[in-house]
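Structure assessment
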Amino acid sequence: MSDAAEALCAAPGGVGEAAPRSAAAPAGNAVPRVDEVRARLDRPPRGTASLDPRVKLALVVGTSTLCLVSGGEVTVLALLAAAAVLASTGSGARMAVRFVAGYLALNAVIALTGLLHVPGLSAIVVVLGFTLLKFVPVFLLACWFVGSTRTGELIAALERMRAPRAVTIPLAVTMRYLPTLGLEFGRIRDTMRMRGIDCSVAGIVRRPVALLEYVMVPLLMRCVKVADELAAAAVSRGIEHEGVRSCVRDVRLRARDGVAIALFSLFAVAIVAIDQSALGNVAVWEVRI
């Protein structure tokens, strides 16, 4: 819960009644009024993070489709650059830098493997590596979508477009389930380090079976526990309510959402045209011996 929401809940009389300010209390410790708290909660994020959840979801699905139909490395680079710019302008600059660095590192691994010509291993690394490279832009946008979208806003937006509950509820649960598992994995890794167990890549290579027991078994147990906790939290927040779902923020399509869809449509046409031209056959990361 955010600080603004905590202040709202702590106000005497509950939600909807302003807390009286004491003349003797210092200004820094004064409880904000209800209208101020609501203004903070209703304030949209900055940049592309303020786009409608439906538009963000459409961008992720559209980028995934482009990655599937495109076969050239130039188009993948263009998609990665566009995804990095989109995430950077929506409070995801660090995330974009990490994904771009991972993309370059994976290309380096593929190039070195092809240069060394390791029997059997080279073919596997090249095939798996190029498959992952094609979907790095999708992974980047998916992480940006999860990090910049509130579950309540997503459900409210999808319900306004008459989406069935069989789609909205699993999508909302997945949005919170995967990040929670990532946090649980980090906690398990920190616990293993405190006990002197190396969970780095070198440690996995040296003791794969032991780390499988020390990490995967607790993670699987936490998966079951987290699923139950998320289900209980969703029910307590009224996810099974049959009426019209409300949202603190005003969820509706605006002019910026139309501009984003128009720009993405033009970008998609350009990507398809580049992929069908001679530029789409250029091998950017090809290693020649």
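Residues numbered from 1 in each chain as written. Predicted model: local features only at pLDDT ≥ 70, side-chain atom pairs only at ≥ 80, totals over all residues. Heavy atoms only, no water.

Our next topic: the confidence of the model for the protein chain. Averaged over all residues, the pLDDT of the protein chain is 77; the fraction at 70 or higher stands at 80%. Low pLDDT (under 50) marks residues 1-28, which in the prediction has 29 contacts with non-local residues, meaning those over four places away or in another chain. (pLDDT = per-residue confidence, 0-100. Contact = heavy atoms within 4.5 Å.)

This part takes up the UniProt feature "transmembrane region" (unreviewed entry) in the protein chain. Per the UniProt annotation, the sites labelled "transmembrane region" (unreviewed entry) are residues 57-87, 99-118, 124-146 and 259-279. The distance from the first to the last C-alpha atom of residues 99-118 is 27 Å, and the span holds 90% helix and 0% strand. Overall, residues 124-146 shows 96% helix and 0% strand. The separation of its end C-alpha atoms is 31 Å. (UniProt positions renumbered as here; feature names shortened; annotations may be inferred. Helix = DSSP H or I, 4+ residues; strand = E, 2+ residues; numbered from the N terminus.)

The end-to-end C-alpha distance of helix α12 (residues 255-276) is 32 Å, a good match for the 32 Å that 22 residues give at a rise of 1.5 Å each. Among all positions of α12, only Asp-257, Ala-260, Phe-264, Ala-268, Ile-271 and Asp-275 are buried. Looking straight down α12, one finds its buried side chains confined to an arc of 75°; they lie on one side. Summarising the geometry of α12, the exposed residues directed more than 90 degrees from the buried face are Ala-255, Leu-263, Leu-266, Val-269 and Gln-276. (Expected span 1.5 Å × (residues − 1). Buried < 20%, exposed > 50% of the residue type's maximum accessible area, 1.4 Å probe, protein only. Arc of directions from axis to C-beta.)

Nonpolar side chains collect at one region of the surface, where Leu-116, Val-118 and Leu-121 lie side by side and expose about 270 Å² of accessible area between them. Here Leu-116 lies in helix α5 (residues 93-116). For Leu-116, a relative accessible area of 62% puts it in the exposed group. (Patch = residues over 30% accessible without salt bridge, like charges linked within 9 Å, V, L, I, M, F, W, Y side chains within 5 Å. Areas by Shrake-Rupley, 256 points an atom, 1.4 Å probe, with all protein chains shown as cover. Salt bridge = Lys/Arg side-chain N within 4 Å of Asp/Glu carboxyl O.)

Residues other than glycine seldom take positive phi values, yet Ser-91 does so here, at roughly 65°. On the secondary structure map, Ser-91 appears in the loop between α4 (73-88) and α5. One non-glycine residue with positive phi stands out, namely Arg-162, at about 65°.

A few words on the packing of aromatic side chains. Summed over all chains, the structure comprises zero aromatic pairs. Over the ring of Trp-144 we find Lys-56, and its NZ or CZ is 5.7 Å from the ring centre. (Phe/Tyr/Trp six-rings, centres within 6.5 Å; stacked < 30°, edge-to-face > 60°. Lys NZ or Arg CZ within 6 Å of the ring centre and 35° of its normal.)

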